[in-house]
Amino acid sequence: MYQKYKNVERVKPSGLELVDKLVGVQRVTKVTKGGRAFGFSAIVVVGDGNGVVGNGLGKSKDVASAIAKAIEDAKKNLVRIPILNGTLPHEQKGKFGGAKVFIKPASAGTGVIAGGAVRAVLDSVGVHDVLSKSQGSSNPHNVVKATFDALLQLRSAVAIAKQRGVSLEKVFNG
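Residues numbered from 1 in each chain as written. Predicted model: local features only at pLDDT ≥ 70, side-chain atom pairs only at ≥ 80, totals over all residues. Heavy atoms only, no water.

### A few points about a nonpolar patch on the surface
- Residues L22, V25 and V63 make up a contiguous nonpolar surface patch of roughly 200 Å² in combined accessible area.
- Structurally, L22 can be placed in strand β2 (residues 19-32).
- The exposure class assigned to L22 is partly exposed, which follows from its relative accessible area of 45%. (Patch = residues over 30% accessible without salt bridge, like charges linked within 9 Å, V, L, I, M, F, W, Y side chains within 5 Å. Areas by Shrake-Rupley, 256 points an atom, 1.4 Å probe, with all protein chains shown as cover. Salt bridge = Lys/Arg side-chain N within 4 Å of Asp/Glu carboxyl O. Helix = DSSP H or I, 4+ residues; strand = E, 2+ residues; numbered from the N terminus. Buried < 20%, exposed > 50% of the residue type's maximum accessible area, 1.4 Å probe, protein only.)

### Brief notes about helix α1 (residues 63-75)
- Spanning 13 residues, α1 covers 19 Å between terminal C-alpha atoms, matching the ideal 18 Å at 1.5 Å per step.
- Within the sequence span of α1, burial applies to A66, A70, I71 and A74. The buried residues of α1 occupy an angular sector of 135 degrees when the element is viewed end-on, so they sit on one face.
- Next to the buried residues of α1 lie β2, β3 (35-47) and β4 (52-60). (Expected span 1.5 Å × (residues − 1). Arc of directions from axis to C-beta. Contact = heavy atoms within 4.5 Å.)

### Focus: the side chain of S124
- Assignment of secondary structure puts S124 in helix α2 (residues 116-125).
- Overall, S124 belongs to the buried group, its relative accessible area being 3%.
- Here S124 is in contact with K21, V45, V46, G47, D48, G49, V52 and V53, once residues within four sequence places are set aside.

### Concerning the sheet that holds strand β5 (residues 79-80)
- The five strands are arranged β1-β5-β4-β3-β2 in an open sheet whose pairing can be described as antiparallel. The open sheet has two edge strands with one neighbour each: β1 (9-10) and β2.
- Bridge analysis of β2 against β3 gives 13 bridges, and the strand direction is antiparallel. Within β3, the residue paired with K30 across the bridge is A37.
- Docked against the sheet, α1 engages β2, β3 and β4, running at close to 145 degrees with respect to β4. (Pairing = 2+ DSSP bridges. Axes fitted to C-alpha atoms, helices over the stretch in contact; angles between N-to-C directions.)

### Here we look at the nonpolar core
- Counting residues in hydrophobic clusters, the biggest one holds 26 residues, and the most contacted among them are I81, I103, L122 and L151.
- Only β3, β7 (99-105), α2 and α3 (140-152) provide two or more residues apiece to this core.
- The element that contributes the greatest number of residues to this core is α3, accounting for seven residues.
- Not counting chain neighbours up to four residues away, the residues in contact with I81 comprise G51, V53, V125, L151, L152 and L154.
- Grouped together as the second largest cluster of nonpolar side chains are eleven residues, V44, V52, I71 and A74 included. (Core = buried A, V, L, I, M, F, W, Y, C linked by side-chain atoms within 4.5 Å.)

### Description of the sheet that holds β7
- A sheet is described by the order of its strands in space; here four strands give the open sequence β6-β7-β9-β8, paired in mixed fashion. Two strands close off the open sheet at either side, each with one partner strand: β6 (92-96) and β8 (112-113).
- Two strands pair when backbone bridges link them, and β6 and β7 are joined in this way by five bridges, in the antiparallel orientation. In the strand pairing of β7, K93 is matched with F102.
- Together, β6, β7 and β9 (130-136) form the strand contacts of α3, whose direction differs from that of β6 by roughly 140 degrees.

### Notes on the environment of L151
- With respect to the element layout, L151 can be found in helix α3.
- Since its relative accessible area comes to 1%, L151 is described here as buried.
- C-alpha separation for the pair L151 and G49, spaced 102 residues apart in sequence, amounts to 14 Å.
- If we ignore the near neighbours within four places in the chain, the residues touching L151 are I81, L88, I103, V121, L122 and V125.

### Quick look at the environment of G165
- Inspection of the secondary structure puts G165 in the loop between α4 (157-164) and α5 (168-173).
- Considering only alpha carbons, one finds G165 and K145, 20 residues apart in sequence, at a separation of 31 Å.

See below:
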């Protein structure tokens, strides 16, 4: 799922205190020759509130098992996101399908200025001060994946210095 991102650190769920947030549950219908078969699709975001987050999708005939499957799927897709003093290191845009998400660091005390699916992801990551804008599709599946696209493109100053092969001071002083 995260192949196109270069510096993504995958995380194992063992030893982490993960909290799950239900983003959305949809009732889905499969039409067969015998009539309609109803089921449920759930999307969940799990995180430790300290830079580790993952998202998952679960489908089942009943809501509870769909949510349980989504949580298990999310635990298999955990990644580490760089956080700097409760906010993001820099602004970033993310896109998935028809959904576009813009996230921007904010000063301390601003809070999480985000709605719906973006808020669930940012809360799970542990970002306390951020500004965001969601455009295009409001489908929660696409918005969550667009938010992950933006978060996975974030790089810390240490990672940039290491990639360039220079000292941390030279990154800031040019």
